[in-house]
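Structural description and commentary
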Amino acid sequence: MGAMRIQTALISVSDKSGVGDLAEGLHQRGIRILSTGGTARLIEKRGVPVTAVSQYTGSPEILGGRVKTLHPKIHGGILARHGDEGHRQVLQDQGIDPIGLVVVNLYPFSETIARRGVRLEEAVEQIDIGGPTLLRAAAKNHESVTVVVDPGDYGTVLSALDEGEGETRLALRKRLALKAFQHTAAYDAAIAAYLAQRGEADQAGGDSSSRASGESSSAEGQAELPEALALGLSRQASLRYGENPHQRAALYRFSDRPPAGVVAAKQLQGKTLSFNNYLDLQAAWDLGREFEQPSCVIVKHNNPCGVAQAESPCEAYRRALECDSLSAFGSIIAFNRQVDAETAQAMRKLFVEAVIAPAYEADALEVFSAKKNLRVMLADGSPPDPWQFKKVDGGFLVQDADLQTVSRGDLKTVTQRVPSESELDDLLFAWRVCKHVKSNAIVYAKDGRTVGIGAGQMSRVDSVILAARKAKLHLEGAVMASDAFFPFRDGVDEAAKAGIAAVIQPGGSKRDDEVIEACDEHGMAMVLTSMRHFRH
């Protein structure tokens, strides 16, 4: 014997969506309702009889509501096995009613910590204690008890009660129990992640944003990342396939916080996004928000193939496209400004998989609507995640997100020739782009746009040669950015052949002196950043 006909239900929810209708449905089916606080008041307003938990247990809610349901008459009724004669006898002896249905969802912790400026004390008060205990007890005893955390399942449960003449099927109880454990796991993950990040902020003197401030200090000697990380993930969408058609894929979001970033971007039109679309959208958006001026980023296979700044988004698009119009076919394009109709018209001739921007003029959306398959994404304005996760068999690699950059004051000129003001502007522009190119990365830039990009080569000099070979614009007077130091002078020699006038790179090679000497021989300026930007 597993479950028996449900006679008593416990309802205590933070999200009260649909709970009135559920209570009416349970009452119509002859089920007694126990409830607490605001949930009980809502049910009473619907004219449905309800028994307060405190009345049933004979113990009042205490400590300002911190203790409501933590009582043997509640948990004994939930944890008793309906098919166990000994358990049933204990319930009878103790005057405990078996509780066959538990409907609970938890305090809005994630919503609370998502508010700007929330204090630790406020967050702590939203850590639910009784709710997870009820859910875990009910889910553990799913052979006898039906547990519900999602208002979307209320109708399913009522229908199941009708089909089972007051009982639910074991298969349904198992499914709902799994959902309950996932709910509590995500909830605990949210709390753990929040407290871990708070701890990091405390160790950093309360300034958790220092990594994004442009400071160039090394991570060595800083506090370690948290000893344990709990990842709660919820499937947001099933995808047609992964990187290739034979691979299954889905999009998951952190279930311990409101959706953010590319996951929260709103799709305004177009086909369903693919696995690779999401990766390229992330790459394009990450680079696009590096710039303050109106900018356009064109990404193909997770690498930029054209980036430009200009006075308007349309001009930025035209300049970015000129860098590598061939590779731009089938690309993802990001703008850091509102897209207007002029920009949308300029894009009509190019096949684009998706575009992402912080806003769109109505006329621009009208132009895009002619391309039914074009995915138009409205970007979410949330800041970048502070940590990056990379999967390896058996676990994850976790690191701080690479949010640092450099300004003019951070640069050290090491050559006889000092870069001009315009060269410095281009060097800093190229450096920001280089940070988002797969290593080994070389970026040529001139007048606020890329003119050649060499990505992902096993030898740095090959990236230098590739960037020059792919350049469609004149390289004379352009600048070069390298994501890591030059191990030999050959990279500088090849850049000089292409007409490069100035170089920005981290420095730190055993042969820095030879590399600097090569620059002096060619009349090139070189500045060092003391910061590497590998991107594997």
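Above this text is the structure in question.
What comes next is a walk through the structure.

Definitions and limits used
- Residues numbered from 1 in each chain as written.
- Predicted model: local features only at pLDDT ≥ 70, side-chain atom pairs only at ≥ 80, totals over all residues.
- Heavy atoms only, no water.
- Buried < 20%, exposed > 50% of the residue type's maximum accessible area, 1.4 Å probe, protein only.
- Helix = DSSP H or I, 4+ residues; strand = E, 2+ residues; numbered from the N terminus.
- Pairing = 2+ DSSP bridges.
- Contact = heavy atoms within 4.5 Å.
- Axes fitted to C-alpha atoms, helices over the stretch in contact; angles between N-to-C directions.
- Phe/Tyr/Trp six-rings, centres within 6.5 Å; stacked < 30°, edge-to-face > 60°.
- Lys NZ or Arg CZ within 6 Å of the ring centre and 35° of its normal.
- Core = buried A, V, L, I, M, F, W, Y, C linked by side-chain atoms within 4.5 Å.

1. Some words on the pairing of strand E4 (residues 101-105)
Working note: regular strand, side chains alternate between the two faces of the sheet. For E4, a buried count of 5 out of 5 residues is recorded, marking the element as mostly surrounded by other parts of the structure. Alternating positions in E4 separate into two faces, Leu 101, Val 103 and Asn 105 on one and Val 102 and Val 104 on the other, with burial throughout. As defined by bridge partners, strand E1 (residues 8-13) adjoins E4 across 5 bridges and the pair is classed as parallel. The partner of Ile 11 across the bridge, within E4, is Val 103. Two elements, E4 and strand E5 (residues 146-148), share 3 bridges in a ladder whose sense is parallel. By the bridge assignment for E5, Val 102 is matched with Val 147.

2. Focus: the sheet that holds strand E2 (residues 32-35)
Read from one edge of the open sheet, 5 strands run E3-E2-E1-E4-E5, paired in parallel fashion. Edge positions in the sheet fall to strand E3 (51-52) and E5, since each of these pairs with one other strand and no more. With 4 bridges connecting them, E1 and E2 associate as parallel partners. Along E2, the bridge assignment pairs Thr 8 with Arg 32. Along the sheet, helix H1 (residues 19-28) contacts E1, E2 and E4; its crossing angle with E1, the most-contacted strand, is approximately 175 degrees. Relative to the sheet, helix H8 (residues 130-140) contacts E1, E4 and E5, its axis offset from that of E4 by approximately 140 degrees.

3. With respect to the packing of aromatic side chains
Describing an aromatic ring pair means giving the distance of the ring centres and the angle of the ring planes. This structure, assessed with the given rule, holds 5 aromatic pairs. Aromatic pair Phe 329 and Phe 351: ring centres 5.1 Å apart, planes at 50 degrees, arrangement tilted. You can see Phe 329 sitting in the loop between helix H13 (313-323) and strand E11 (331-335) and its partner Phe 351 sitting in the loop between helix H14 (341-346) and strand E12 (352-357), a full 22 residues away along the chain. When the centroid spacing of 6.2 Å and the interplanar angle of 90 degrees are considered together, the rings of Phe 389 and Phe 396 count as edge-to-face. In this structure Phe 389 comes out as partly exposed when scored by relative accessible area, which is 29%. Aromatic ring contacts, followed pair by pair, group Phe 254, Phe 389 and Phe 396 into a single cluster. A cation sits over an aromatic face here: Lys 391 above Phe 396, 5.8 Å from the ring centre.

4. Here's the deal with helix H17 (residues 460-470)
Of the residues making up H17, those classed as buried are Arg 460, Val 461, Ser 463, Val 464, Leu 466 and Ala 467. On its buried face, H17 is in contact with strand E17 (442-445), strand E18 (450-454), strand E19 (479-482) and helix H18 (490-498).

5. Regarding the nonpolar core
Counting 44 residues, the largest nonpolar core has Leu 281 and Val 433 as the members making the most contacts within it. If you look at the next biggest cluster of nonpolar residues, it comprises 29 residues, including Leu 34, Val 102, Ile 191 and Tyr 194.

6. Some points on the sheet that holds strand E10 (residues 303-309)
Reading across the sheet, the 6 strands line up as E8-E13-E12-E11-E9-E10 and stay open at both edges, with mixed pairing between neighbours. Strand pairing shows two members of the sheet lacking a second neighbour, strand E8 (266-269) and E10, which therefore form its edges. In this sheet, neighbouring strand axes are inclined to one another by 20 degrees on average, regardless of whether the strands run parallel or antiparallel. Pairing of strand E9 (residues 295-300) with E11 involves 4 bridges; the strand directions are antiparallel. The residue of E11 that forms the bridge with Cys 296 is Phe 335. The sheet strands contacting helix H12 (residues 275-288) are E9, E10, E11, E12 and strand E13 (375-378), and the helix crosses E11 at an angle near 35 degrees. Each of E9, E10 and E11 touches H13; the most contacted strand, E10, lies at about 135 degrees to it.

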